[in-house]
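What follows is each chain in one-letter form.
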Amino acid sequence: MTTESGTAARRTRLLWFVPAQFAVMVALGLFVTGAPVGRRLLSTEDRVTDAFAAHRTPWADSVTEWLSIIASTEGIVGVTLLCVVALLVLPGTPRWADAVFLGASVAVQSAVFLAVTMCVERPRPDVPRLDGAPPTSSFPSGHVGASVALFGGLAVLVWTRVRGPWRYVAAAVLVLVPPAVGASRMYRGMHHPSDVAGGLLNGVATLLVVGAVFLAGRTRDAGGTVSGSRDGADTVLPASPGSTADGPVDPVDPVDPVDHVGPTGPTGLSVPAARGVDRRGAAAAGGPGRTAVVVRHPHGCGDELAERVRADLHRHGYTEQRWTSTSVEQACGTLSEECAVPGVDLVVVCGGDGTVRACADVVAGTGIPLALVPCGTGNLLARNLDLPLDPRDALEGALAGGDFPIDVGRVSGDGLTSTRFTVMTGAGFDAATVRDTSPALKARLGWAAYVLSGARHLGDPGMRLSVRLDGGRVRRRRARMVVIGNVGALQGGLELLPRARPDSGRLEVVLFDPRGAAGWLAAAGHLASRVVRGGAPEQDGSAPASTGGRSVAGGSLEYFSARRIELRFAGAQPREVDGDTMTEGTRLLAEVEPGALWIRLPGAPGTTARDRAAHAAPDAHAAPAPAPAPAPAQSGADDDEHARPRPAVH
């Protein structure tokens, strides 16, 4: 008679196949990189990556970016943790074996991947890459292997644990995710076809081994329970959050202090007089002896990148360079002191959105142009300005371009020192998520840390608030969060504020208030449709948002537009600016400063690389169309939230 403990012991011994899996993967990697046949294969594969690079489109760029984000370390760890938690807390008996199988598959695949990359050295394809290259070998693809372990594992659980015809559709969709990720990685210039094949093999082998250990012999009976196991005795094998699907997690910007205020030059009211000045020729020429101040985030901008930035600036005529590093105490280093010395021709920011915000707060209104070298996690301002996300490409394009004015916002409130922002500010759910994200966890998991923090706030009650636009009437609303934006796009092309433009002279506002499951689905569907349409401008014929707002997604999203936004909350709410946490409070006042910040760009804001290629010399410093006059104040007419129409969701 076979005992249960004896069966478990034999299953555990199957884990010895993992070292064999590692050895096979290393042998394949050395064959591809070292053997003559492998080198000939490499030359053949170059045709595939070259073809992908030659046929890129904005729509495909956005789709493949989302697939890469889903299969990144942050995405894989975040989804794995959510699925494991769901398996353990959903109604019914906790599915310990299924949870361990899923977590162990992701962890083992990552461990084998990292071990193989230590033994195999293969360069990335020699094509323009759309993502930053991690320091690991190109073989095998970590993104593909991780997606096989996670989504393939979920497909196995759906197929073996779920009854009903829809399981075939669900399992098929999950199985198609890894090949789609592999195609996206080749499209974005990150892997050769054999790297993708190696990732698929590594993921499938991991599922076979881990599945044999934790799932073999376990079936679902007619009652829907798992038999043939003692799940309560299983032990969860933790995933390795310190590793990534394609390398270690990139360091992230520390939280920049939001109360840092640099010298405040003229506000947006006095800038437009200088907006017609054309400095494009001088900017592109970069004459001899020009001075640049470089603000460097020491973790985002490593020594190698710093040396390249130094050389590129020198090549463009910036022979005098003054460098300063950021810190928690000094979010923009000594930029205030450097700009106080006459003769600064350019400020270069090597960092993420927090560092850019702190530098813009100092430079806005001074007339000194700012150049961005995106080195952060989100790089939202760079994305919205259509800058390349490769740091050197972004700097090279900027130095060859001209100076263009963009708006900045100024935010203040109870307990807040007035400060500028370049991307977004807001209150509620998003601010609570940022506030409660552990800095240590963020450093290890990246964006997945926000997912975990946000999950804790999904059940938070909505807030009651009043909104006043340009001194007009008060509108009373209820919302889960409110976001005020100078720009509107998030990662992956997701447009939270589709009408936001950095040179419009206005700020856009969205109130997010999904009510029930239907509301969440309607909001998600509306935002996803914006990604599928590639961010096409909205042509709905609706009246300007400032005259009454416009409601979409069954009332889950309501948009406004104004130059001055006053928010008052019924109770103290968490608040944030450009991803940095501010103190809780009951008031938030945001005003636009039109054209207050000069940015060194390859072309005018809103023009893509394709536009710039078609029009080699766009006009710089063209003043935007004047914003419409603010709506006159209307006394004694509060717009109650209950009067707001909320169409039914079908």
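Note that the coordinates shown come from a computational prediction; the quantities given were computed from them, not determined experimentally. (Residues numbered from 1 in each chain as written. Predicted model: local features only at pLDDT ≥ 70, side-chain atom pairs only at ≥ 80, totals over all residues. Heavy atoms only, no water.)

**A closer look at the confidence of the model for the protein**
Fine structural detail should not be taken from predicted coordinates in areas where pLDDT scores are low.
Now for step 1: Chain-level pLDDT for the protein is 78 on average; 72% of the residues reach the 70-or-more range.
Now for step 2: Summarising per-element confidence for the protein, the mean pLDDT is lowest in strand S2 (residues 226-227) (42) and highest in strand S10 (residues 463-469) (95).
Now for step 3: Across residues 1-7, confidence stays below pLDDT 50; counting only partners more than four residues off in sequence or on other chains, it has 3 contacts.
Now for step 4: For residues 615-638, every residue scores under 50 in pLDDT, and the model assigns this stretch 40 contacts once sequence neighbours within four places are set aside. (pLDDT = per-residue confidence, 0-100. Helix = DSSP H or I, 4+ residues; strand = E, 2+ residues; numbered from the N terminus. Contact = heavy atoms within 4.5 Å.)

**Focus: the nonpolar core**
Now for step 1: With 50 residues, the main nonpolar core has Leu335, Val347, Leu370 and Leu597 as its most contacted residues.
Now for step 2: By residue number, the principal contributor to this core is helix H13 (residues 353-363), which donates 6 residues.
Now for step 3: Sequence-distant contacts of Leu597, defined by excluding residues within four places in its chain, comprise Ala360, Val363, Ala364, Leu370, Phe404, Pro405, Ile406, Val408 and Thr422.
Now for step 4: Core analysis: the second largest hydrophobic core is formed by 42 residues, Leu102, Val106, Val108 and Val144 among them. (Core = buried A, V, L, I, M, F, W, Y, C linked by side-chain atoms within 4.5 Å. Buried < 20%, exposed > 50% of the residue type's maximum accessible area, 1.4 Å probe, protein only.)

**A look at the packing of aromatic side chains**
Now for step 1: All told, the structure shown has 2 aromatic pairs when counted by the stated rule.
Now for step 2: The interplanar angle of 75° and the centroid separation of 5.2 Å between the aromatic rings of Trp159 and Tyr168 together place this pair among those described as edge-to-face.
Now for step 3: Using a relative accessible area of 44% as the deciding quantity, one classes Tyr168 as partly exposed.
Now for step 4: Of note, Arg167 hangs over the ring of Trp159, and the distance from its end group to the ring centre comes to 4.8 Å. (Phe/Tyr/Trp six-rings, centres within 6.5 Å; stacked < 30°, edge-to-face > 60°. Lys NZ or Arg CZ within 6 Å of the ring centre and 35° of its normal.)

**Here we look at helix H4 (residues 58-70)**
Think of an α-helix as turning once every 3.6 residues; residues three or four places apart then point the same way.
Now for step 1: Helix length check: H4 (13 residues) gives 19 Å between terminal C-alpha atoms against 18 Å at 1.5 Å per residue, within 8%.
Now for step 2: Those residues of H4 lying buried are Ala60, Ser62, Thr64, Glu65, Leu67 and Ser68. (Expected span 1.5 Å × (residues − 1).)

**Section: the pattern of salt bridges**
Now for step 1: By the definition in use, this model includes 27 salt bridges.
Now for step 2: Where Arg310 meets Glu307, a salt bridge forms, and the shortest distance between an N and an O atom there is 3.8 Å. In this pair, Arg310 and Glu307 are both assigned in helix H11 (residues 303-315), 3 residues apart and thus about one turn of the helix distant.
Now for step 3: Given a relative accessible area of 47%, Glu307 falls into the partly exposed group.
Now for step 4: Taking the shortest distance from any N to any O, the salt bridge between Glu593 and Arg410 comes out at 2.8 Å. Note that Glu593 is positioned in strand S17 (residues 580-601) and Arg410 in strand S7 (residues 402-413), a separation of 183 residues in sequence.
Now for step 5: Residue classification places Glu593 among the buried residues on the basis of a relative accessible area of 4%.
Now for step 6: A residue is classified by how much of its surface remains accessible, and Arg410, at 15% relative accessible area, is buried.
Now for step 7: Here the residues in one salt-bridge network are Asp312, Arg315, Arg392 and Glu396, joined through shared partners. (Salt bridge = Lys/Arg side-chain N within 4 Å of Asp/Glu carboxyl O.)

**Here's the deal with empty space enclosed by the protein**
Now for step 1: Using the criterion set out here, one finds 2 cavities of 30 Å³ or more in the structure.
Now for step 2: Taken as a whole, the second largest cavity holds about 50 Å³ of empty space.
Now for step 3: As for the second largest cavity, its lining consists of Gly351, Gly352, Asp353, Val356, Leu372, Val373, Pro374, Asn379, Leu381 and Ala382.
Now for step 4: Elements with a contribution of two residues or more to the lining of the second largest cavity: H13, strand S6 (370-374) and helix H14 (380-384).
Now for step 5: Per-element accounting of the lining of the second largest cavity gives the leading share, 3 residues, to S6.
Now for step 6: A per-class count over the lining of the second largest cavity returns 6 nonpolar, 3 polar and 1 charged. (1 Å grid on protein atoms, 1.4 Å probe; cavity = no way out; pocket = protein on both sides within 12 Å on 5 of 7 lines; lining within 4 Å. Points joined across faces, edges and corners; volume = space filled by probe spheres on them. Nonpolar A, V, L, I, M, F, W, Y, C, P; charged D, E, K, R; others polar.)

**What about the side chain of Glu45?**
Now for step 1: Among the secondary structure elements, Glu45 is positioned in helix H3 (residues 36-54).
Now for step 2: At 2.4 Å, the side chain of Glu45 and the backbone nitrogen of Ser194 are in polar contact.
Now for step 3: Discounting residues that sit within four places of it in the chain, Glu45 has contacts with Arg122, His192, Pro193 and Ser194. (Polar contact = N/O pair within 3.5 Å; in protein donor to acceptor, adjacent residues only side chain to side chain.)

**What about a nonpolar patch on the surface?**
Now for step 1: Together, Val24, Leu28 and Leu201 make up a nonpolar patch on the protein surface, roughly 220 Å² of accessible area in all.
Now for step 2: By the element assignment, Val24 lies in helix H2 (residues 17-34).
Now for step 3: In this structure Val24 comes out as partly exposed when scored by relative accessible area, which is 44%. (Patch = residues over 30% accessible without salt bridge, like charges linked within 9 Å, V, L, I, M, F, W, Y side chains within 5 Å. Areas by Shrake-Rupley, 256 points an atom, 1.4 Å probe, with all protein chains shown as cover.)

**Focus on the environment of Ser529**
Now for step 1: Counting through the fold element by element, Ser529 comes out in helix H19 (residues 516-532).
Now for step 2: The class of Ser529 is partly exposed, set by a relative accessible area of 24%.
Now for step 3: Sequence separation between Ser529 and Leu494 is 35 residues; the distance between their C-alpha atoms is 9.2 Å.

**Let's talk about unusual backbone geometry**
Residues apart from glycine generally show negative phi values, whereas peptide bonds are mostly found in trans.
Now for step 1: Here the amide bond leading from Phe139 into Pro140 is cis, since omega sits at -10°, within 30 degrees of zero.
Now for step 2: Tracing the sequence through the fold places Pro140 in the loop between helix H6 (96-119) and helix H7 (142-161).
Now for step 3: One non-glycine residue, Ala553, lies in positive phi territory at about 55°.
Now for step 4: Inspection of the secondary structure assignment puts Ala553 in the loop between strand S14 (550-552) and strand S15 (557-562).
Now for step 5: Judged by relative accessible area, Ala553 falls into the buried class, the value being 15%.
Now for step 6: Residue Asp578 is not a glycine yet carries a positive backbone phi of 50°.
Now for step 7: Overall, the relative accessible area of 7% leaves Asp578 in the buried class.

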